[in-house]
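# Geometric and topological summary
For reference, the chains in residue letters:
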Amino acid sequence: MNTFLITGIGRGIGLELARVLLARGDKVIGTVRDRRSLPAEFENAEKAGRFRVLTVDVRDGASVAAAAASVDEPIDVLINNAGVIGPDRQSTLDMDFEGFLETLQVNTLAPLRVAQAFLPLLRRSKDAKIVTISSRMGSLAYAKSDRIAYRASKAAVNKVMQGLATDLEGEGIPVTVMHPGWVRTDMGGVGADISVQESAGGIVAVIGELDCCNKTCMTLEALNKCQEMNVSADRISNFQTVSTPEEAVERLIALYDAAIEAQRHSLETFFATGVAPTPSERARFRYPELRVLHRSTAVPPVKQRAFAKFQGPGVYATTVTQPAFFKGYLLEQLNYLTRDYDAALEVGVSDQEIPYPYVFERGDELGRGAHSAAELAQHFPTPLLAKVGDEIADGTWIFRDGEPRPLSLFDAARVDYSLRRLVHYTGTDWRSIQPWILLTNYHRYVDQFIRWAVGVLGKDDSPFQRLVLPGGIAIERGLDEAAVAELIGSSPWHRFQMPAYHLVRKDGQGVTLVNIGVGPSNAKNITDHLAVTRPHCWLMVGHCGGLRQSQTIGDYVLAHGYLRRDRILDDMVPPEIPIPALAEVQVAMQEAAAQVTGERGEALKRRLRTGTVVTYDDRNWELRWSQERRQINLSRAIAVDMESGTIAAQGYRLRVPYGTLLCVSDKPLHGEIKLPGAANAFYERAVSEHLMIGIGAIDIMRDQRSSLHSRKLRSFDEPPFR
């Protein structure tokens, strides 16, 4: 049994701390300004000698000294919990200075006053600790000016306690500050993140781990080694300022690698011995976080690019996974922001845990031994769907006072979730996915893509290095025909729902082809996951039904608009929201069509028609022709399919440049339906040319990347990262 002294136990976190500690058998000495504010629930504990109330005004030195003099027993843990939010008027332009002084008295001076008064009793304990409840709102990393009296008081107490930690280091008394979370109390409000029970439980867990560093002084810098996840230390020391983007990325890599290795080691230990990680060990299983601080209030520079821009001054942050893989992307974004806006960079450990399935490459490592997924979930972080979402991309994220703004569309948990889904669906390592993506709905395009890829790999001057097939099979340069044929035949592509094929270039600008199958559900599914790799573009190259008498089987349709009857994205991008055609993509595809077909002007127009494509979720839409006729007529649609509108809407929604080039394979309104004989002849003639137009468009756009990421895809409240 330990003896805890807690200030401010009349309500909120202090009251719940008393409940938690008494319930587990500890002794609590609590302070209140007015005993009448205390519930009657502690009467039994008080009669048993495990609970005592001191009436103290922590602002009054004499009152604090008298309270300390009335106690004659060792104090094991002092928790400075008493605090106030400050006056109603507390902006830098309109300050209640008397209220400001009152806030400093309670939040800054009182914790030191109480610590000094009770220090003799703490020294009598064999395992003394001093904890002060602070707030992230006091962190200098947050450039907010609301409630400045409260913020300043917490920033000051952080520094005061850091000094006290230094002075008590020789005595082995840990001193630390804690951010309790945004808690649903009178101060935090009903909209806060966590309950007072969750916060108090987390605080007690952290306190229990403060001896994990051999009783050395727990300065702010040391606390992050010994903290429980649901209550974090003050982040001032956890985050380090770095001077260059390169230094930021290297620190992200180091922190991520350390977190992954720590969890792998704990998992291996658990598999071998059944010993679960301690709270302090689990606290290491967290993603690194990147913060970009934009302080300037000057008129922002005028830049033509659509990304790497700030919407206003403030702190922008995101958690990061696989920073070594995303190094080029991160450096591109950060170099722009630091060069054009003189932004400052900070890197530290986040509060976001890394789910245990993501720390192994294949996942079959988790199948060893007799430990079930349910048992692992008791001791290791698990994927939580509540923590994986597209609120930022969909514009539904809620800005909370004192919290950073999003730096990117996807945080680490969302990215990791999709990277593992990509492996599952495509049958290839997510690292093989290239930034230029072709999506098709027919396997015949796969056969042609493989033929073309093998051909370019055989050229001496080819920039491509290898072709990666489903199952992880790689065709390298220099192989003979027999070896290539054997590798192609051994690919287990049929095992995967949406097999992918990757032609890898030396400069990282290769091409991926994914056979997504049929329907808007597949189209949304795969693009949800491909988007986290931040590709430069995805193009739909598939078949469609021609809706005009003047079209001929084998003609091309370049979509410049979509009638979205797929219904799968209606809640995220309502059908009335226009999905614009992107000029750079349209021009590239038209030019590629001219180069591949050898036709231009009127000759090309006869084969390549631009217009609206209607996308359905029902392959047998023809059976509802009487109901659908008017919509199709009003839209002036020239083609119908089941994927293009979804893929374009996903590109618009997830900020990935998109385009659609379809080939007319039948004309359902004019009696030319798809029959086996005609279809086979059409496929032999059309697939090769159609695919080469898509590849040619990518070749054109590859040299136009800066203008490709269009401002049409960016909202007025965008995260800075592309």
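Residues numbered from 1 in each chain as written. Predicted model: local features only at pLDDT ≥ 70, side-chain atom pairs only at ≥ 80, totals over all residues. Heavy atoms only, no water.

## Some words on the sheet that holds strand β10 (residues 240-242)
For clarity, the threshold we go by: Being paired, for any two strands, means DSSP has found at least two bridges between them. Helix and strand assignments follow DSSP, with helices taken as H or I runs no shorter than four residues and strands as E runs no shorter than two, numbered in order from the N terminus. Any two residues having at least one pair of non-hydrogen atoms within 4.5 Å are treated as being in contact. Axis definition: a line fitted to C-alpha atoms, over the contacting stretch in the case of helices. Angles run 0 to 180 degrees between N-to-C directions.
The 5 strands are arranged β10-β13-β11-β12-β14 in an open sheet whose pairing can be described as mixed. Among the strands making up the open sheet, the edge pair consists of β10 and β14 (405-406). Sheet topology note: the strand β11 (residues 286-294)/strand β12 (residues 314-319) ladder contains 6 bridges and is antiparallel. Bridging from a neighbouring strand, H294 pairs with G314 of β12. Running at roughly 20° to strand β13 (residues 344-353), helix α9 (residues 245-273) makes contact with β10, β11 and β13 of the sheet. In this fold helix α11 (residues 327-341) packs onto β11 and β13, with an angle of close to 25° to the strand it touches most, β11.

## Here we look at the side chain of T426
Selection criterion: By the criterion applied in these results, polar contacts are pairs of N or O atoms within 3.5 Å in which, for protein atoms, one can donate a hydrogen and the other can accept it, and in which residues neighboring in sequence qualify only through two side-chain atoms.
Looking at the element boundaries, T426 is found in helix α13 (residues 412-426). One polar contact links the side chain of T426 to the main-chain carbonyl oxygen of L422, over a distance of 2.6 Å. Apart from the residues within four sequence positions on either side, T426 is in contact with P470, F496, M498, P499, A500 and I526.

## Re the state of the cysteines
Defined as follows: The rule for a disulfide is simple: a pair of cysteine sulfur atoms within 2.5 Å. Categorising residues by exposure relies on relative accessible area from a 1.4 Å probe, with only protein chains included: less than 20% of the type maximum marks a residue as buried, more than 50% marks it as exposed, and the intermediate range marks it as partly exposed.
Going through the model one piece at a time under the given rule, you end up with 0 disulfides. Left without a disulfide partner, C537 is nearest to the cysteine sulfur of C544, which lies 19 Å away. Residue C537 is classed as buried on the basis of its relative accessible area, which comes to 1%. Its sulfur unpaired, C663 is 7.1 Å from the next cysteine sulfur, which belongs to C544. Since its relative accessible area comes to 0%, C663 is described here as buried.

## Re helix α3 (residues 61-69)
For clarity, the threshold we go by: The arc in question is the one traced by the directions running from the helix axis out to the C-beta atoms.
Every buried residue belonging to α3 is among S63, V64, A67 and A68, and all of these are buried. Buried residues of α3, seen end-on, are gathered within an arc of 135° and therefore sit on one face of the element. Of the exposed residues in α3, those oriented more than 90 degrees away from the buried face are A62 and A69. The elements touched by buried residues of α3 are β3 (51-55) and α4 (97-123). Its side-chain oxygen 3.0 Å from the backbone nitrogen of A62, D60 forms the N-cap of α3.

## Observations concerning the environment of D555
By secondary structure assignment, the location of D555 is in the loop between β20 (537-546) and β21 (556-565). Assessed through its relative accessible area of 10%, D555 is described here as buried. Counting along the chain gives 131 residues from D555 to A686, while the straight-line C-alpha distance between them is 9.0 Å. The residues contacting D555, other than those within four sequence positions of it, are S550, R606, R607, L662, C663 and V664. Among the polar contacts listed, one links the side chain of D555 to the backbone nitrogen of T552, at a separation of 2.8 Å.

## Observations concerning the pattern of salt bridges
Pairs may arise between side chains of opposite charge once their charged atoms sit close together. Selection criterion: One side-chain nitrogen of Lys or Arg within 4 Å of one carboxyl oxygen of Asp or Glu is enough to make a salt bridge.
What the rule picks out here adds up to 44 salt bridges. Between R19 and E16 there is a salt bridge; the shortest N-O distance is 3.1 Å. Remark: E16 and R19 occur in helix α1 (residues 12-23); sequence separation between them is 3 residues, near one turn of the helix. R59 serves as the salt-bridge partner of E102, at 2.5 Å between the closest nitrogen and oxygen. Highlighted residues: E102 in helix α4 and R59 in the loop between β3 and α3, separated in sequence by 43 residues. What makes R59 partly exposed here is its relative accessible area of 25%.

## Section: the side chain of R722
Along the chain, the position of R722 falls in the segment after α22 (705-708). Judged by its relative accessible area of 7%, R722 falls in the buried class. Contacts of R722, omitting those with residues within four sequence positions, involve F307, Y329, E332, Q333, R534, P535, H536, H709 and R714.

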